[in-house]
Amino acid sequence: MPSYREIFVSSPDPFERGLQHGKQASEEIKQVIAGYQQLFLKETGYSWGEVVELAKGFTAYLTGKMDDLLEEAKGIAQGAGVPFEEIMVLNTRYELLKFPKAAHECTGFAVLPEASEKGETIMGQNWDTMDFVGKGVYVLHIDEGNGTRILGLTEPGQLIRNGMNSYGISVNSMNLLSIYDKAEAGVPTNFARRRILQAHNFEEAEALVRSFQFPVSCNYFIGSREGIAADFEATPEEVFQVLPQNGVLGHGNDFVIDPSVDRDFRSFRHFRGQRLHRLLLEKGGGITPEYIQQCLRDHYRHPLSVCNHTGEKEGEYGLHTIASMLYCLDRECAYICRDNPCVGTYECYQL
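First, a word on what this report is: a plain description of the structure on this page.

### Here's the deal with the overall build of the protein chain
Part 1: Along the backbone of the protein chain there are ten helices and 14 strands.
Part 2: For the protein chain, the C-alpha radius of gyration of 18 Å lies close to 20 Å, the compact-globule estimate for 351 residues.
Part 3: Buried positions account for 62% of the 351 residues belonging to the protein chain.

### Overview of the sheet that holds strand S3 (residues 122–130)
Part 1: The strand order across the open sheet formed by six strands is S11-S2-S3-S12-S13-S14, and the pairing between neighbours is antiparallel. Strands with a single pairing partner mark the edges of an open sheet, and in this sheet they are strand S11 (248–251) and strand S14 (346–350). Shown here is a sheet whose adjacent strand axes are inclined to one another by a mean of 15°, direction ignored.
Part 2: Taken together, the five bridges between strand S2 (residues 107–111) and S3 define a ladder with antiparallel strand orientation. Note on S3: the bridge partner recorded for valine 111 is isoleucine 122.
Part 3: Helix H10 (residues 289–296) contacts S2, S3, strand S12 (319–328), strand S13 (333–338) and S14 of the sheet and is inclined by roughly 165° relative to S12.

### Side note on helix H7 (residues 189–196)
Part 1: Buried residues dominate H7, accounting for eight of its eight residues.
Part 2: For H7, the full list of buried residues reads Thr189, Asn190, Phe191, Ala192, Arg193, Arg194, Arg195 and Ile196.

### Quick look at the pattern of salt bridges
Part 1: Evaluated as defined, the whole model comprises 19 salt bridges.
Part 2: With its nearest N and O atoms 2.5 Å apart, the salt bridge here joins glutamate 155 to arginine 93. You can see glutamate 155 sitting in the loop between strand S5 (149–154) and strand S6 (162–165) and its partner arginine 93 sitting in helix H5 (residues 84–96), a full 62 residues away along the chain. Each member of the pair, glutamate 155 as well as arginine 93, carries the same accessibility label: buried.
Part 3: Through salt bridges that share partners, Arg17, Glu72, Glu144 and Arg194 make up one connected network.

### Quick notes on the sheet that holds strand S8 (residues 218–224)
Part 1: The mixed open sheet is built from eight strands, whose spatial order is S1-S4-S5-S6-S7-S8-S9-S10. Sheet topology places strand S1 (6–10) and strand S10 (239–242) at the edges, where each strand pairs with a single neighbour. The average undirected angle you get between the axes of adjacent strands in this sheet is 20°.
Part 2: For S1 and strand S4 (residues 138–143), the ladder comprises five bridges, and the chain directions are parallel. Bridge pairing in S4 links valine 9 to isoleucine 142.
Part 3: Helix-sheet contacts for helix H1 (residues 14–24) involve S1 and S4, and the interaxial angle to S1 is about 155°.

### Quick word on the side chain of arginine 194
Part 1: With respect to the helices and strands, the residue arginine 194 is situated in helix H7.
Part 2: Among the polar contacts made by the side chain of arginine 194, one reaches the side chain of glutamate 144 at a distance of 2.9 Å.
Part 3: If near-sequence neighbours (up to four positions away) are discounted, arginine 194 is found in contact with Arg17, Leu69, Glu72, Ile142, Glu144, Ile150, Leu159 and Ile160.

### With respect to the side chain of serine 166
Part 1: As for its position among the elements, serine 166 is in the loop between S6 and strand S7 (169–175).
Part 2: Owing to a relative accessible area of 8%, serine 166 belongs among the buried residues under this scheme.
Part 3: Polar contacts involving the side chain of serine 166 include one to the main-chain carbonyl oxygen of glycine 147, which spans 2.7 Å.
Part 4: Excluding residues within four positions of it along the chain, serine 166 makes contact with Gly147, Thr148, Arg149, Arg225, Glu332 and Leu351.

Rules of the game
- Residues numbered from 1 in each chain as written.
- Predicted model: local features only at pLDDT ≥ 70, side-chain atom pairs only at ≥ 80, totals over all residues.
- Heavy atoms only, no water.
- Helix = DSSP H or I, 4+ residues; strand = E, 2+ residues; numbered from the N terminus.
- Rg over C-alpha atoms; globule rule 2.2 N^0.38 Å.
- Buried < 20%, exposed > 50% of the residue type's maximum accessible area, 1.4 Å probe, protein only.
- Pairing = 2+ DSSP bridges.
- Axes fitted to C-alpha atoms, helices over the stretch in contact; angles between N-to-C directions.
- Contact = heavy atoms within 4.5 Å.
- Salt bridge = Lys/Arg side-chain N within 4 Å of Asp/Glu carboxyl O.
- Polar contact = N/O pair within 3.5 Å; in protein donor to acceptor, adjacent residues only side chain to side chain.

It is worth stressing that arrangement in space is one thing and function is another; only the former is reported here.
Rendered as structure tokens:
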């Protein structure tokens, strides 16, 4: 049996899609809200009421720009029986937790046809975050009724975390910290990723990333079954593009194009992205999903390794790999493993 619960939503109406989502995930949404209430107080000193007020700024910014996705978020709230403002906190938690600090989360990859054994495009990542979040994660299937179908993994109540669509577009993301990050509203990462997963081709997806005004930095790892992929190191001031080398690309939480904009450049460096990139290069031309899974289990520089174990002793708020995924764009399926891939099993989920 698959390790993740699957939630299916289908409607051309955004609010109805959200309503279906919220009803099915009500318990998980309420549990993760309780977890974030404690986390925000612990990490930022903000009360939950203060956090809700901060999230309202994003709602105001998105009004008139992404009204359909706001309607979907409102539907999630009504279906789950929670205030809309709290669903907005869940969808802006990445931005709201950036200050005064943020964790170094996730390692992503791209494998293009020239590097794969069967001439296919495979995208994915190890998703590193807190244990209390991982307990509620589920696989989300979205059918917008217009030809756009999405398969992805998400935190409870979020529009999406990462995924692929019926047009062969995939998006994954990894945390970045830059000197340009601002404590103000803009396009939140969850809204950006959900919009990208409505794109029909790579060109459209890239144009979206470059059109957004981001309040804080983030990696947007985008691939297409056209055989194209790139990582976009997005900051509030500029979007840098990192291209594959010999058909592969690995990236973590460091700025590659211009390290001087990295907020942690002088105090902290890690090598998960570089390590994954090297492992993929070693198998160039013969990469299979099974080999990628082996790479995602790598423990070089453990515990701060590709398969991340850094916070396992910290309990509910400890950081580690809570999920590992491969989006096989030509096969229209995802291989997803719950928890650290060194101890878990990859299960196949069809788009």
